[in-house]
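Here's the letter readout for the chains.
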Amino acid sequence: MAVAPLEATSGQTQTRHRLSRGGDRQLNRALHTVILARAKHHQPTKEYLARRITEGKTKSTAG
């Protein structure tokens, strides 16, 4: 599944993860479409994204 987290650490003590870029491309597209719709029409999602952006996150890493 494409949204499964993969470890992205390089021997550091902090464990970081990233999302798999491979896998089910159709599922990735469907999830992306849902997120875009929520970001445009769902008030709690709008507030969450606005808060993350004020915390210094970019639009692509806010969600």
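Scroll up to find the structure.
Analysis parameters
Residues numbered from 1 in each chain as written. Predicted model: local features only at pLDDT ≥ 70, side-chain atom pairs only at ≥ 80, totals over all residues. Heavy atoms only, no water. Helix = DSSP H or I, 4+ residues; strand = E, 2+ residues; numbered from the N terminus. Expected span 1.5 Å × (residues − 1). Salt bridge = Lys/Arg side-chain N within 4 Å of Asp/Glu carboxyl O. Buried < 20%, exposed > 50% of the residue type's maximum accessible area, 1.4 Å probe, protein only. Axes fitted to C-alpha atoms, helices over the stretch in contact; angles between N-to-C directions. Parallel < 35°, antiparallel > 145°, perpendicular 65-115°, else oblique. Contact = heavy atoms within 4.5 Å. Nonpolar A, V, L, I, M, F, W, Y, C, P; charged D, E, K, R; others polar.

A. Quick peek at helix H2 (residues 43–54). Over its twelve residues, H2 extends 17 Å from the first C-alpha to the last, a length consistent with the 16 Å expected when each residue adds 1.5 Å. Just beyond H2, the residue with positive phi is Gly56, at close to 100°.

B. Looking closely at the pattern of salt bridges. Counted by the stated rule, this structure contains two salt bridges. For Glu55, the salt bridge is made with Arg51, and the minimal N-O distance between the two is 3.1 Å. On the basis of relative accessible area, Arg51 is assigned to the partly exposed category, the value being 42%. Residue Arg52 is joined to Glu55 by a salt bridge in which the shortest nitrogen-to-oxygen separation is 3.6 Å. By sharing partners, the salt bridges in this structure join Arg51, Arg52 and Glu55 into a single network.

C. Layout of the packing of helix H1 (residues 25–41) against H2. Across the interface, H1 lies against H2 with an axial gap of 6 Å and an inter-helix angle of 90°. In terms of orientation, H1 lies roughly perpendicular with respect to H2. Facing Arg38, Ala39, Lys40 and His41 of H1, the residues of H2 in contact are Gln43, Thr45, Lys46 and Leu49. Looking at the contact of H1 with H2 residue by residue, the class counts come to two nonpolar, three polar and three charged.

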